[in-house]
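The lines below spell out each chain.
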Amino acid sequence: MTELLDNGGGSAAARRFMAGREAWHWAEALPWVVAVAAFFVFPDYLALGTQILIAIIFALSLDLILGYAGIITLGHAAYFGAGAYGTGMLSAHLGWGEPISAMLFGGFVGGVLGFVSGWVLLRYHGLTLLMLTLATAIMLKEGANAAEEWTGGFDGLVGISIWPLLGSFEYDLWGKTYYCFALVVLLLCFLAARRIVHSAFGRSLVGIKGNVGRMHGVGTPVHGRLVAVYTLSAAMAGLAGGLFAESNAYVTLDVLSFARSGTVLIMLVLGGTGRLYGAFVGAAVYMILEDELAKLSPEFWEFGIGLLLVIVVLFFRRGLLGSLDDLRARSMGGGA
Amino acid sequence: MTAALQTIALGKHFGALHVTRQVNLSLAAGARHALIGPNGAGKTTLINLITGALSPDEGQVLLGGRDVTALPQARRVKQGLARTYQINQLFSDLSVLENVAISIAERVGAAGNFWRRASANSHVIDEAVELLARLKLDAYALTPVRELPYGRQRLVEIAITLGQKPTVLLLDEPAAGVPSAESHIILDAIAALPEQIAVLIIEHDMDIVFRFAKFITVLASGGIIAQGTPEQIAGDAHVRAVYLGQGGDV
Ligand SMILES: Nc1ncnc2c1ncn2[C@@H]1O[C@H](COP(=O)(O)OP(=O)(O)OP(=O)(O)O)[C@@H](O)[C@H]1O
Ligand SMILES: [Mg+2]
């Protein structure tokens, strides 16, 4: 602060300050170290690991709109599902199974749907928006159910055949290939999301979330800005869906279900919104817990998840990562 | 010459309340125009109608001679119309610098780019620093807004608005709530506004009004009851009865 008082130092200090906002922290290496270590330490759990990575991408896409732009939705599975069916149908009906391009096609389908639906949905807010996002996903699911010829309806889409990755890495028994593939896709999605939130565009989203009236007042085309981030988010959800279809070689209506929309919201709230890494922690904790609890008690695992959610929203308001931050701030404040 | 800002027979109802009645205002470039009136007269509502935050039931708003009544708020801002708020509308967790940078990035079109780092927009940062220096806020540039004394926060409110480089500036009680020991910083900032901007200021403090304004409009119950130079208004018996007499400070 005092540096700014120095003559001529103002701009340099200001630029340094702005650069500091987006500087990397050493702790950001942790999730990647864990992901790589898990590959070697838990070779029997790579199938679960892959599903966790996909869930993280999906939760990350939700964080872009919920955590940064303040768009609350109960229908985000619409874009995940659209991506899954897009990728799946490309293979099942057109015989195209090249995994990278097929996944990108899933992202494209999610993005287009996000743009079109977002254009309408984002004219509303609050409870109305919440109900409309919910309705969108329900209608899409019923549409997929009715279009049985294309989607397989209630029985699911079969006949998905994915070619070896990069022409040589076969889909193997322990899913090593898909784990690595999903991890690379997550890394790229994360880098993109990080870039987006630290752009002037990202700052304006935070402004919209914080005080939309003021943003109108500085000339922000609020609707356009929200549609843009909604489209980016939907495309990322579509990528996750595409990856999901490929790794399972099977798509059911479940990808569009309300449960999936709710679960991704729970994951993100669990980890903490508006911080990107909340998606990592939330999705991993949720899915590992689900797996362990289901082993303990196949009937009651959901009770455990529910209990955890209650504890988090009551006592760790800002999610696991947010609470960690608070704890650190408090211990530093106490030590000073 | 066409007026920088003009309203023609502007009218607005809130249910049964006729909050704006047949308001005709005209500000030339460089105008220093005060809008005064008792609490609840409809001053803020008038600003909301002019900026497009509310849409009028009747009448028109013209910017530089062009009818903007149908344009959304953001488009009017792009045409040079900016305002401050009676109650601070700040991003209080962000630094002063970032509050202003959000506004400038929006004006220069940088905020539409989701791939360029905010810290790479050096022209935005430099302009923000310059603007803060001009308002003597540079010492606070890196401080979160919520940690600022209230008077400085009111100044940030003005700084964000000036980031738009407006041609027409609407100030809604810029000194409201500022302790008198600090009010000079607001006065100085207002006195230092670029000359060519047309300024409409709402203010209850008659010192500020009479020091600043070349022309005064008095609003009561939504309608204009008097318009004129400060001397004319000060001498107007009707105005005294409705408004000035209350404070007893003129
Ligand atoms: N959105 C609204 N809906 C209904 N009534 C409103 C609304 N906004 C303002 N009013 C009413 O309209 C009247 C004028 O309000 P306005 O805020 O424009 O007054 P003002 O002249 O700015 O007063 P002050 O000097 O206290 O700021 C008041 O009676 C207020 O209660
Ligand atoms: Mg007011």
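Residues numbered from 1 in each chain as written. Chains lettered and ligands numbered in written order. Predicted model: local features only at pLDDT ≥ 70, side-chain atom pairs only at ≥ 80, totals over all residues. Heavy atoms only, no water.

1. Description of the overall build of chain B
Stage number 1. Secondary structure assignment for chain B yields nine helices and ten strands.
Stage number 2. Here the C-alpha atoms of chain B give a radius of gyration of 18 Å, agreeing with the 18 Å that 2.2 N^0.38 yields for 250 residues.
Stage number 3. For the C-alpha atoms alone, the extent of chain B along its principal axes is close to 55 × 40 × 35 Å.
Stage number 4. Within the span of chain B, comprising 250 residues, buried residues form 57% of the whole.
Stage number 5. If you sum the accessible surface of chain B, you get close to 10200 Å²; carbon and sulfur atoms cover 52% of it.
Stage number 6. Of the side-chain charges in chain B, 21 are positive and 23 negative, and the distance between the mean point of each set is 6 Å. (Helix = DSSP H or I, 4+ residues; strand = E, 2+ residues; numbered from the N terminus. Rg over C-alpha atoms; globule rule 2.2 N^0.38 Å. Buried < 20%, exposed > 50% of the residue type's maximum accessible area, 1.4 Å probe, protein only. Areas by Shrake-Rupley, 256 points an atom, 1.4 Å probe, with all protein chains shown as cover. Lys, Arg positive; Asp, Glu negative; His and termini not counted. Charge placed at Lys NZ, Arg CZ, Asp CG, Glu CD.)

2. Description of the overall build of chain A
Stage number 1. The helix and strand inventory of chain A stands at 15 helices and zero strands.
Stage number 2. A globule of 336 residues ought to have a C-alpha radius of gyration of about 20 Å, and chain A, at 21 Å, matches this closely.
Stage number 3. Along the three orthogonal principal directions, the C-alpha set of chain A runs to about 70 × 45 × 40 Å.
Stage number 4. With 336 residues in all, chain A has 50% of them scored as buried.
Stage number 5. Considering only residue pairs separated by 6 or more positions, chain A has 78% of its internal contacts joining residues 24 or more positions apart.
Stage number 6. For chain A, the computed accessible surface area is about 15700 Å², with 70% contributed by carbon and sulfur atoms.
Stage number 7. Across chain A, the mean location of the 19 positive side-chain charges is 17 Å away from that of the 22 negative side-chain charges. (Contact = heavy atoms within 4.5 Å.)

3. Some thoughts on the site of ligand 1
Residues and elements named next belong to chain B.
Stage number 1. Neighbouring ligand 1 are 13 residues, the closest being G40, K43, T44, T45 and Q86.
Stage number 2. One nitrogen or oxygen atom from the main chain of A41 is found 3.2 Å from an oxygen atom belonging to ligand 1.
Stage number 3. A distance of 2.8 Å is found between an oxygen atom of ligand 1 and a side-chain nitrogen or oxygen belonging to K43.
Stage number 4. In isolation ligand 1 offers 640 Å² of accessible surface; the protein chains occlude 60% of this area.
Stage number 5. Of all the elements in the fold, those that place two or more residues in the shell around ligand 1 are β2 (17–27) and α1 (43–51).
Stage number 6. Among the elements that take part in the shell around ligand 1, α1 stands out by supplying three residues, more than any other.
Stage number 7. Looking at the shell around ligand 1 residue by residue, the class counts come to four nonpolar, seven polar and two charged. (Near = heavy atom within 4 Å. Polar contact = N/O pair within 3.5 Å; in protein donor to acceptor, adjacent residues only side chain to side chain. Nonpolar A, V, L, I, M, F, W, Y, C, P; charged D, E, K, R; others polar.)

4. As for the environment of G238(A)
Stage number 1. Looking at the secondary structure, you find G238(A) in helix α11 (residues 222–248).
Stage number 2. Along the sequence, G238(A) and A77(A) sit 161 residues apart, while their C-alpha atoms lie 9.1 Å from each other.

5. With respect to the domain arrangement of chain B
Interface size is often expressed as the accessible area that is lost when the parts come together.
Residues and elements named next belong to chain B.
Stage number 1. In terms of domain boundaries, chain B breaks down into domain 1 (1–80 + 166–250) and domain 2 (89–165).
Stage number 2. The C-alpha-based centres of domain 1 and domain 2 are spaced at 26 Å.
Stage number 3. Tallying the contact residues gives 17 residues for domain 1 and 15 residues for domain 2.
Stage number 4. Carbon and sulfur atoms supply 66% of the area that domain 1 and domain 2 bury against each other, a total of about 1300 Å² over both sides.
Stage number 5. A per-residue breakdown of the area domain 1 buries against domain 2 is headed by P166, E182 and I185, which together make up 33% of the total.
Stage number 6. The interface formed by domain 1 and domain 2 holds zero salt bridges in total.
Stage number 7. Summed over the shared surface of domain 1 and domain 2, the result is five residue pairs in polar contact (both at pLDDT 80 or more).
Stage number 8. Sorting the residues of the side of domain 1 that touches domain 2 by element identifies α2 (73–78), β7 (168–172) and α6 (183–191) as the ones contributing at least two each.
Stage number 9. Top element by residues in the side of domain 1 that touches domain 2 is α6. It accounts for three residues. (Domains from an automatic or database assignment. Buried area = accessible area lost by both parts, 1.4 Å probe. Salt bridge = Lys/Arg side-chain N within 4 Å of Asp/Glu carboxyl O.)

6. Points about unusual backbone geometry
Residue and element names in this part refer to chain B.
Stage number 1. The phi dihedral of Q22 falls on the positive side, at around 45°, and the residue is not glycine.
Stage number 2. Topologically, Q22 is positioned in strand β2.
Stage number 3. Given the relative accessible area of 51%, Q22 is considered exposed.

7. Some remarks on the coordination of the magnesium ion (ligand 2)
All names here are of chain B.
Stage number 1. Donor atoms from the polypeptide that coordinate the magnesium ion (ligand 2) comprise T44 (OG1) and Q86 (OE1), at 1.9 to 2.1 Å from the metal. With T44 in helix α1 and Q86 in the loop between β6 (81–83) and α3 (96–107), this residue pair connects regions lying 42 residues apart in the sequence.
Stage number 2. For Q86, a relative accessible area of 30% corresponds to the partly exposed category. (Donors = N, O, S within 2.8 Å, 3.2 Å for Na, K, Ca; no water.)

8. Here we look at the packing of helix α1 (residues 10–21) of chain A against α3(B)
Stage number 1. At a minimum axis distance of 11 Å, the contact between α1(A) and α3(B) shows a crossing angle of 85°. Compared by their axis directions, α1(A) and α3(B) come out roughly perpendicular. Contact residues: A14(A), F17(A), M18(A) and R21(A) in α1(A); L97(B), E98(B) and A101(B) in α3(B). (Axes fitted to C-alpha atoms, helices over the stretch in contact; angles between N-to-C directions. Parallel < 35°, antiparallel > 145°, perpendicular 65-115°, else oblique.)

9. A look at a nonpolar patch on the surface
Stage number 1. Side chains of F105(A), F108(A), V112(A), F115(A), V116(A), W119(A), V120(A), Y124(A) and L132(A) sit close together on the surface and give an oily, nonpolar patch of about 840 Å² of accessible area.
Stage number 2. Examining the composition of the nonpolar patch, we find that seven residues originate from one element, helix α5 (residues 99–121) of chain A, more than from any other. (Patch = residues over 30% accessible without salt bridge, like charges linked within 9 Å, V, L, I, M, F, W, Y side chains within 5 Å.)

10. Focus on the side chain of H33(B)
Stage number 1. Of note, H33(B) is situated in strand β3 (residues 32–36).
Stage number 2. Looking at H33(B), the relative accessible area reads 3%, which means it is buried.

11. Remarks on the packing of aromatic side chains
Residues and elements named next belong to chain A.
Stage number 1. Going through the model one piece at a time under the given rule, you end up with 16 aromatic pairs over all chains.
Stage number 2. Judged by centre distance (5.1 Å) and plane angle (90°), the ring pair of F39 and F40 falls under edge-to-face.
Stage number 3. Given a relative accessible area of 17%, F39 falls into the buried group.
Stage number 4. Taken together, W24, W32, F190, Y277 and F280 form an aromatic cluster joined through their ring pairs.
Stage number 5. Directly above the ring of W24 sits R194, whose terminal nitrogen or CZ lies 3.7 Å from the centroid.
Stage number 6. Cation over ring: R260 sits above F244, and NZ or CZ is 4.9 Å from the ring centre. (Phe/Tyr/Trp six-rings, centres within 6.5 Å; stacked < 30°, edge-to-face > 60°. Lys NZ or Arg CZ within 6 Å of the ring centre and 35° of its normal.)

12. Side note on the interface of chain A and chain B
Stage number 1. Counting residues at the interface gives 34 residues for chain A and 41 residues for chain B.
Stage number 2. Carbon and sulfur atoms make up 62% of the surface buried where chain A meets chain B, a total of about 3400 Å² over both sides.
Stage number 3. Counting the surface chain A buries against chain B, the share from its top three residues, M18(A), R195(A) and R214(A), is 21%.
Stage number 4. Viewed at the interface, chain B and chain A are joined by five salt bridges.

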